[in-house]
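Next come the chains, spelled out residue by residue.
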Amino acid sequence: MRFLGVLSLLVAASPLPAQSSPPIDGKRTYTVEWRLVRAGSVTLDYGKTHASMRLESTGIVSSLFKVDDLYEATYDEPFCVTSTVMNSKEGKRHHETRVTYDRVRNHAWFVERDLLKNAVIHEAGTDIPNCVSDVLGALLKFHGMNLEIGQTAELPVSDGRRSALVPIKAIARDEVKAPSGTYRAIRYDVGLMNGVVYSRKGHVDLWLTDDARRLAVQIRLRLSFPVGAVTLQLEKEDQR
């Protein structure tokens, strides 16, 4: 049930295309569908030097396995991550995971604690490039790119335990129907769950509007049994 790490996309390539400035500040809410029912909601709040994401389960899923996860990240521009904190309440478990990214030493430190037992349960680290992104930062940075169909780009991504170049390929133009409206969008294949950054294997598709906004309107994760497919769709957007 630990969807947050991969919902936060919500991400020998060709050279990176020209970039424009990503959105400065905003807030988006996404519905989460799992097994044809609404399973929860994701709220993304972001700015130049910070981002946060909250995942809350709802309905029958919440009655079976309650999830309330809050993830926060801080950045140097342009979305070079400096620290992340995830406060995760899932079922009877309450964990806190902190990652510090040292841009001087080019190294990340990962510490996960069990807050109920007041104990460290996992420590790790990895070497990183001078400017690496977490998943949210990579998504925001990707908004500033403009890939043509068939083109591929790579972004350096780390979760504090592993670090890798994540390939992103523009696949096709689709029409997406979401709670917030109907959009013309470009579908991207995001090589995030390839066993390198995240050990769990799966497939991630991302749809961005085919216009100057490049708004993420749909994200679909296809995982192995028992999770299966999880779909996020844009419910509302607030610009500040």
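Every value quoted in this text rests on a predicted model; they were computed, and no experiment measured them.

(A) Structural view of the overall build of the protein chain. A tally of helices and strands in the protein chain yields 3 helices and 14 strands. Accessible surface for the protein chain amounts to roughly 11,300 Å². Of this, 50% is attributable to carbon and sulfur atoms.

(B) Seen up close, the packing of aromatic side chains. All told, the structure shown has 1 aromatic pair when counted by the stated rule. Note on Y75 and F79: the rings are 5.5 Å apart at their centroids and 75° apart in plane angle, and the pair reads as edge-to-face. Comparing Y75 with F79, the two get one shared label, buried.

(C) Summary view of the environment of A119. For A119, the location among the structural elements is in strand 8 (residues 119-127). Residues A119 and H95, 24 residues apart in the sequence, show an inter-C-alpha distance of 9.7 Å. When sequence neighbours within four positions are dropped, the list of residues in contact with A119 reads E112, R113 and D114.

(D) Inspection of the pattern of salt bridges at higher detail. Within the structure shown, the criterion is met by 12 salt bridges. Linking D210 and R173 is a salt bridge whose minimum nitrogen-to-oxygen distance equals 2.8 Å. Of the two residues, D210 is situated in the loop between strand 12 (202-209) and strand 13 (216-223) and R173 in strand 10 (residues 163-178); the sequence distance between them amounts to 37 residues. According to the relative accessible area criterion, D210 is partly exposed, its value standing at 31%. On the basis of relative accessibility, which here comes to 47%, the residue R173 falls in the partly exposed class.

(E) Examining helix 3 (residues 135-142) more closely. For helix 3, a buried count of 8 out of 8 residues is recorded, marking the element as mostly surrounded by other parts of the structure. All of the buried residues along helix 3 are V135, L136, G137, A138, L139, L140, K141 and F142.

(F) Structural detail: the state of the cysteines. In total, this model carries 1 disulfide according to the counting rule given. The disulfide bridge from C80 ends at C131, spanning 2.0 Å between sulfur atoms. As the torsion about the S-S bond is roughly -90°, the C80-C131 disulfide counts as left-handed. Of this pair, C80 sits in strand 5 (residues 80-90) while C131 sits in the loop between strand 8 and helix 3, and the two are 51 residues apart along the sequence.

(G) Region of the structure containing a nonpolar patch on the surface. There is a patch of nonpolar side chains on the surface, built from V37, I60 and L64 and spanning about 310 Å² of accessible area. Within the fold, I60 resides in helix 2 (residues 59-64).

(H) Seen up close, unusual backbone geometry. Non-glycine residue R35 carries a positive phi angle of around 55°. When you line up the elements, R35 lands in the loop between strand 1 (26-34) and strand 2 (37-46). Despite not being glycine, N106 shows a phi value in the positive range, around 55°. Topologically, N106 is positioned in the loop between strand 6 (93-102) and strand 7 (107-114).

(I) Spatial organisation of the pairing of strand 7. Examined bridge by bridge, strand 6 and strand 7 share 8 bridges and lie antiparallel to one another. Bridge pairing in strand 7 links T100 to W109. In sequence, strand 6 turns back onto strand 7 through a hairpin of 4 residues, with N106 there showing a positive phi of about 55°. Pairing between strand 7 and strand 8: 8 bridges, direction antiparallel. From the neighbouring strand, R113 faces strand 8, where its bridge partner is V120.

(J) Focus on the environment of H143. Mapped onto the elements, H143 comes out in the loop between helix 3 and strand 9 (152-158). Its relative accessible area of 3% is what places H143 among the buried residues. Considered as a pair, H143 and L215 are 72 residues apart in the sequence and their alpha carbons are 7.6 Å apart.

(K) Up close: the pairing of strand 5. The sheet contact formed by strand 4 (residues 67-76) and strand 5 spans 10 bridges and is antiparallel. Bridge pairing in strand 5 links D76 to C80. Remark: 3 residues form the turn of the hairpin made by strand 4 and strand 5, two consecutive strands paired antiparallel; F79 in that turn has positive phi of roughly 60°. For strand 5 and strand 6, the ladder comprises 8 bridges, and the chain directions are antiparallel. Residue pairing in the sheet places S88 in a bridge with H95 of strand 6.

Parameters at a glance
Along each chain, numbering runs from 1 in the same order as the chain's sequence is written. The model is predicted, so local features are restricted to residues of pLDDT at least 70 and side-chain atom pairs to those at 80 or more, both for listing and for counting; the totals for chains, interfaces and linings are taken over all residues. Hydrogens and water are ignored here; the side-chain numbers use all heavy atoms of the structure. The secondary structure listing takes helices from DSSP runs of H or I that are at least 4 residues long and strands from runs of E that are at least 2 residues long, numbered from the N terminus. Working definition of accessibility: Shrake-Rupley area with a 1.4 Å probe, residue cover restricted to the visible protein chains. Aromatic rings from Phe, Tyr and Trp, taking only the six-membered ring of Trp, are treated as a pair when their centres fall within 6.5 Å; an angle between ring planes under 30 degrees marks them as stacked, one over 60 as edge-to-face, and anything in between as tilted. Only protein chains enter the area calculation, which uses a 1.4 Å probe; residues under 20% of their type maximum are buried, those over 50% are exposed, and those in between are partly exposed. Every residue pair with non-hydrogen atoms within 4.5 Å of one another is taken to be in contact. Salt bridges, as used here, are contacts in which a Lys or Arg side-chain nitrogen is within 4 Å of a carboxyl oxygen on Asp or Glu. By disulfide we mean two sulfur atoms from cysteines, separated by a distance within 2.5 Å. What goes into a patch is any residue over 30% in relative accessible area without a salt bridge, connected to like charges within 9 Å or, for nonpolar side chains (Val, Leu, Ile, Met, Phe, Trp, Tyr), within 5 Å. For two strands to be treated as a pair, DSSP must find at least two bridges joining them.

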